[in-house]
Amino acid sequence: MKNSKADSQKNAVNTPTLSKRSLSAHAWLGLFVSAFMYIICLSGTLAVFHQELERWEQPQIPETSEVDIAVIEKAYDNFVETYPDETEHMYVVFPGTGIPRVVVENDHIAHFVNPDGSLGEVEQSHWTKMLVDLHLYLHLPKSFGMILVSAFGALLCALILSGFLAHPRIIKDAFRFRRGGTGLQENIDLHNRFSVWAAPFHLMIGITGAYFGLATVLIGLVSQAFYAGDNQAVLDELFTPEPTLEQPLQKPQIGRAMEYIERHNPEGTPLFITIHEPNTPGQFIEAYVKQPGRLIYSENYRFDIQGNFLETAGYRDGDPTKQIIFSMYRLHFGEFAGIASKLLYFVLGMMLTVVSATGINIWLRKRKTTDVINLWWPTLVWGTPLILSVSALLNLFVHVRIDLFIWLGLVAALVVSTRQQNVQLWVARLKQTLAFSLLLFIAAYVVKAGSAAFTIAALQINIPLALYAAYLLARGHRQITLVGNEGRQVNQAEST
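Residues numbered from 1 in each chain as written. Predicted model: local features only at pLDDT ≥ 70, side-chain atom pairs only at ≥ 80, totals over all residues. Heavy atoms only, no water.

- If you check an unreviewed UniProt entry, the protein chain appears there as PepSY-associated TM helix, putative from Paraglaciecola mesophila KMM 241.

Right under this line is the structure:
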């Protein structure tokens, strides 16, 4: 009896508590995913403003909030005449998308539309597309990259839950902030504060992010289990199937379709029109119309090629499952309340980015060993925005594989970091280099864009960049001064 009691006490002592087990799992899981998680979070936070960034890349394009159907039909005719090549889709993009410009495009090329209906400049948003692709696919092949990034979304949810379990005092500690010392307490307090304050947002981002890639996997599993492997049957249950038509070949009557929408959905905002399978008997028109006060991306109106109404997709008033699925995009990217929701998403996204960075900072400062990881991690944290800044500068003058430049630049930065002796000094120099690269970019941007650099399309991005550069210069100078003072104090102590 005594032995049994002693054994139970011994087992109780040796058995890790839930808190300790969760802390260990949290640390190892966080170490594994944090590098890519940081890149995904940072790029996603910046990509919240992808529409503003597209305008910023071509600030000279005339902007309008008006939709003139006669002008659009003329531009469509000009585009088809200029590009008669075969394509599976034609698009007309309206200012309601958040970019106050009209665009006509096919699957290969896009043109802005001039006020008189002629074709304007070719749409070129190489840097913005690179940034969005970095967030969505990590520049990997899209089918694989989307699944991988979505898996990180699922892991983010696991990190949040394990973090709460691993830190029983996290709610209480969320209202503490201690500065000074080695920086460990500051990182812990930032990590805890941002983790608690923005936890609902972070969970929502993780869940919606996981949906985009893992939905493909789930559809495959459901189709195998219930639809004899027919993926299209599952898709038809979730999304309204396309109509099957046989019509004489003729020009799509866009104006007639738009008149129907104006009569039956006057409160809606047209986003864009797609002509599916143009120049075939099965071609049809589909209009995407944003609904006020709703999270769904749009309600879709379908017409035959003569502009006769066929059906709606049922995303506004149909099955709740469809409404939820069609709301994922706006929930994930914050496109539902104009600039206000975007600014909120930017702040909350930066919180998540800081959480992913400070989590590894805490682990590094608690370690009893120091190795190359202590240099690599801050290099990744500050080198990533630096390489993004340099890539934007490069994109002003030459068109290269920006995605390849990003990854090669990060590798080069990591290699250079291994030769550094002082981590704090190295980080301060990275901050100052980032500041100088941003200022150099703005100067080059003004030289290239000329008067267009002073339009709202340009200033709404360049002014925040200049302010951030000024902040980094001051912060980096202060950090270098502190490092220098500490070095002089050490030297004086050694001399005495």
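There's plenty left to go through after this.
### As for the UniProt feature "transmembrane region" (unreviewed entry) in the protein chain
- The UniProt record annotates "transmembrane region" (unreviewed entry) at residues 27-49, 144-166, 203-227, 343-363, 375-394, 400-418, 430-447 and 453-474.
- The span residues 203-227 is 96% helical and 0% strand by assignment, and the distance between its end C-alpha atoms comes to 32 Å.
- In residues 430-447, helix accounts for 100% and strand for 0%; the two terminal C-alpha atoms are 26 Å from one another. (UniProt positions renumbered as here; feature names shortened; annotations may be inferred. Helix = DSSP H or I, 4+ residues; strand = E, 2+ residues; numbered from the N terminus.)

### Focus: the sheet that holds strand β2 (residues 103-106)
- Ordered in space as β4-β3-β2-β1-β5-β6-β7-β8, the eight strands form an open sheet in which the pairing is antiparallel. Each end of this open sheet is capped by a strand with a single partner; those strands are β4 (119-122) and β8 (309-312). Pairs of neighbouring strands in the sheet enclose a mean axial angle of 25°, with direction left out of account.
- By the bridge criterion, three bridges tie β2 to strand β3 (residues 110-113) in an arrangement that is antiparallel. Paired with Val 103 across the strands is Phe 112, a residue of β3.
- Of the strands in this sheet, β1 (89-93), β5 (269-276), β6 (284-290), β7 (299-303) and β8 touch helix α11 (residues 254-264), which is tilted by about 135° from β7. (Pairing = 2+ DSSP bridges. Axes fitted to C-alpha atoms, helices over the stretch in contact; angles between N-to-C directions. Contact = heavy atoms within 4.5 Å.)

### Points about the side chain of Thr 384
- Counting through the fold element by element, Thr 384 comes out in helix α15 (residues 373-395).
- Among the polar contacts made by the side chain of Thr 384, one reaches the main-chain carbonyl oxygen of Leu 380 at a distance of 2.7 Å.
- Other than its neighbours up to four places away in sequence, Thr 384 contacts Tyr 38, Ile 39, Leu 42, Thr 379 and Leu 410. (Polar contact = N/O pair within 3.5 Å; in protein donor to acceptor, adjacent residues only side chain to side chain.)

### Let's talk about the pairing of β3
- Alternating residues of β3 divide into Ala 110 and Phe 112 and His 111 and Val 113, and every residue in both groups is buried.
- Hairpin connection, β2 to β3: the antiparallel pair is bridged by three residues.
- The sheet contact formed by β3 and β4 spans two bridges and is antiparallel. Bridge pairing in β4 links Val 113 to Leu 119. (Buried < 20%, exposed > 50% of the residue type's maximum accessible area, 1.4 Å probe, protein only.)

### Some details on the packing of helix α3 (residues 50-57) against helix α5 (residues 126-137)
- Between α3 and α5, whose axes approach to 8 Å, the crossing angle comes to 155°. By the criterion of interaxial angle, the relationship of α3 to α5 is roughly antiparallel. The segment α3 lies against α5, with His 50, Leu 53, Glu 54, Trp 56 and Glu 57 engaging His 126, Trp 127, Thr 128, Leu 131 and Val 132.
- For the contact of α3 with α5, the residue count by class is five nonpolar, three polar and two charged. (Parallel < 35°, antiparallel > 145°, perpendicular 65-115°, else oblique. Nonpolar A, V, L, I, M, F, W, Y, C, P; charged D, E, K, R; others polar.)

### Description of the nonpolar core
- Judged by nonpolar contacts, the single largest core of 52 residues is most densely connected at Tyr 38, Trp 127, Trp 377 and Phe 441.
- Look past the residues within four positions of Trp 377 in its chain and what remains in contact with it is Ser 34, Ala 35, Tyr 38, Ser 356, Ala 357, Ile 360, Asn 361 and Leu 364.
- Ile 69, Met 90, Val 92 and Ile 275 belong to the second-largest nonpolar core, a separate cluster that totals 25 residues. (Core = buried A, V, L, I, M, F, W, Y, C linked by side-chain atoms within 4.5 Å.)

### Considerations on a nonpolar patch on the surface
- Taken together, the side chains of Ile 147, Val 217, Leu 218 and Leu 221 define a hydrophobic patch exposed on the protein surface, amounting to about 340 Å² of accessible area.
- Note on placement: Leu 221 falls in helix α9 (residues 199-226).
- Residue classification places Leu 221 among the exposed residues on the basis of a relative accessible area of 53%. (Patch = residues over 30% accessible without salt bridge, like charges linked within 9 Å, V, L, I, M, F, W, Y side chains within 5 Å. Areas by Shrake-Rupley, 256 points an atom, 1.4 Å probe, with all protein chains shown as cover. Salt bridge = Lys/Arg side-chain N within 4 Å of Asp/Glu carboxyl O.)

### Section: the pattern of salt bridges
- Tallied over the entire structure, the rule returns nine salt bridges.
- The salt bridge involving Lys 342 is made with Glu 52; its shortest N-O contact spans 3.1 Å. Taken together, the positions of Lys 342 in helix α14 (residues 338-366) and Glu 52 in helix α3 put the pair 290 residues apart, joining distant regions of the chain. For the pair Lys 342 and Glu 52, a shared accessibility class is recorded, and that class is buried.
- Between Glu 63 and Arg 55 there is a salt bridge, with the nearest N and O atoms lying 2.7 Å from each other.

### Re unusual backbone geometry
- Unlike most non-glycine residues, His 139 shows phi in positive territory, near 60°.
- With respect to the element layout, His 139 can be found in the loop between α5 and α6 (142-166).
- Positive phi, close to 65°, is recorded for Asn 279, a residue that is not glycine.
- With respect to the helices and strands, the residue Asn 279 is situated in the loop between β5 and β6.

### What about the packing of aromatic side chains?
- Tallied over the entire structure, the rule returns 22 aromatic pairs.
- Residues Tyr 260 and Phe 303 carry aromatic rings whose centres are separated by 5.6 Å and whose planes lie at 80° to one another, so their mutual orientation is edge-to-face. Taken together, the residues span a long stretch of sequence, with Tyr 260 in helix α11 and Phe 303 in strand β7 at a distance of 43 residues.
- We classify Phe 303 as buried; its relative accessible area is 0%.
- Seen from their ring centres, Tyr 329 and Phe 333 are 5.1 Å apart, and the 40° between their planes marks the pair as tilted. Of this pair, Tyr 329 and Phe 333 are both found in helix α13 (residues 328-333), four residues apart, which corresponds to roughly one turn of the helix.
- A relative accessible area of 8% places Phe 333 in the buried class.
- Put simply, the rings of Tyr 297, Tyr 315, Phe 326, Tyr 329 and Phe 333 pair up and form one aromatic cluster. (Phe/Tyr/Trp six-rings, centres within 6.5 Å; stacked < 30°, edge-to-face > 60°.)

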